[in-house]
Amino acid sequence: MAKQKAVIASIPSRIKAFITDVFFILMPILYITTYAVLDGKNEFQNNQLAIFITNFLFGVIICLFQSIKAQTPGYKSQDIYLVNLKNGQKLGFFHALLRYICFVLAGFSLVGICLCFFRKDKLNLHDLLTNSAAVSKKQSI
């Protein structure tokens, strides 16, 4: 029987990691788009294409981090890494992209956001759909 080297990361640490990624990756993209590319807040708010492109760019950058290092800056700050639940390896780019798309789609429903609070394994809908999970190293006592 193989030893388990990691456990599913805690919900608070995953939330902290996501907030960190938003501030380190998404906020600079939003700022540059709003003030360097467009002519301010009002123009950005009225430009759906700019909003889509900034969120898409954020997703691509997140997927690149996840596929190359298995960690985003937020995951690294919380000692979390992303793995495929089938083989324990890091995700490829397109698998990570599918996970991000599922994450965005799951965010449209209350069930998709809150599912981890009702499951023993703490997996969310996008984790279940893509058979991947954010894990942390198992604490040995």
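Shown above is the structure to which this text applies.
Chemist: Kindly report on the pairing of strand S3 (residues 132-137), identifying the contributing residues and their values.
Modeler: Burial analysis of S3 places five of its six residues in the buried class, which makes it a mostly covered element. Note that strand S1 (residues 6-8) and S3 share three bridges and pair antiparallel. Residue Ala6 lies in a different strand from S3, and its bridge partner there is Lys137. Relative to S3, strand S2 (residues 80-84) runs antiparallel, the two being bridged by five bridges. Within S3, the position partnered with Val83 by the bridge is Ala133.

Chemist: Go over the layout of surface pockets, please, and point to the residues and values.
Modeler: Roughly 580 Å³ of internal volume is contained in the largest pocket. Around the largest pocket sit 22 residues that line it, and Arg14, Phe18, Phe103, Asn124 and His126 are the ones nearest its centre. Contributing elements (two or more residues each) for the lining of the largest pocket: helix H1 (11-37), helix H3 (48-68), helix H5 (93-106), helix H6 (110-114) and helix H7 (125-130). The residue makeup of the lining of the largest pocket, split by class, is 13 nonpolar, five polar and four charged.

Chemist: Give me the environment of Gln45: which residues, what numbers.
Modeler: Topologically, Gln45 is positioned in helix H2 (residues 41-45). Judged by relative accessible area, which is 46%, Gln45 ranks as partly exposed. Gln45 sits 29 residues away from Gly74 along the chain, and the two C-alpha atoms are 27 Å apart.

Chemist: Go over the pattern of salt bridges, please, and point to the residues and values.
Modeler: For the structure on display, the rule yields three salt bridges. A salt bridge links Asp127 to Arg14; its shortest N-O distance comes to 3.6 Å. Linking Asp127 in helix H7 with Arg14 in helix H1, this pair joins segments that are 113 residues apart in sequence. Residue class for Asp127 comes out buried when judged on its relative accessible area of 1%. With a closest N to O distance of 2.8 Å, Asp121 and Arg119 form a salt bridge. By relative accessible area, which is 29% here, Asp121 ends up partly exposed. Since its relative accessible area comes to 31%, Arg119 is described here as partly exposed. Among the charged side chains, a salt-bridge network with shared partners connects Arg14, Arg99 and Asp127.

Chemist: Describe H5, listing the residues and the values that go with them.
Modeler: Since the α-helix turns once every 3.6 residues, residues separated by three or four places project in the same direction. With 14 residues, H5 should cover 20 Å at 1.5 Å per step; its first-to-last C-alpha distance of 20 Å lies within 8% of that length. When H5 is considered as a whole, its buried residues turn out to be Ala96, Leu97, Arg99, Tyr100, Cys102 and Ala106.

Chemist: Describe in detail H1, supporting the description with residues and values.
Modeler: For H1, which comprises 27 residues, the first-to-last C-alpha distance of 36 Å matches the rise-based estimate of 39 Å (1.5 Å per residue) to within 8%. The principal kink in H1, of about 35 degrees, is found at Leu26, preceding the proline Pro28 by one to four residues. Listed in full, the buried residues belonging to H1 are Ile11, Ser13, Arg14, Ala17, Thr20, Asp21, Val22, Ile25, Leu26, Ile29, Thr33 and Thr34. Residues of H1 that are buried make contact with H2, H3, helix H4 (73-77), S2, H7 and S3.

Cut-offs and rules
- Residues numbered from 1 in each chain as written.
- Predicted model: local features only at pLDDT ≥ 70, side-chain atom pairs only at ≥ 80, totals over all residues.
- Heavy atoms only, no water.
- Buried < 20%, exposed > 50% of the residue type's maximum accessible area, 1.4 Å probe, protein only.
- Helix = DSSP H or I, 4+ residues; strand = E, 2+ residues; numbered from the N terminus.
- Pairing = 2+ DSSP bridges.
- 1 Å grid on protein atoms, 1.4 Å probe; cavity = no way out; pocket = protein on both sides within 12 Å on 5 of 7 lines; lining within 4 Å.
- Points joined across faces, edges and corners; volume = space filled by probe spheres on them.
- Nonpolar A, V, L, I, M, F, W, Y, C, P; charged D, E, K, R; others polar.
- Salt bridge = Lys/Arg side-chain N within 4 Å of Asp/Glu carboxyl O.
- Expected span 1.5 Å × (residues − 1).
- Bend = angle between axes of the 7 residues up to and from the residue.
- Contact = heavy atoms within 4.5 Å.

These figures come from the coordinates and say nothing about function on their own.
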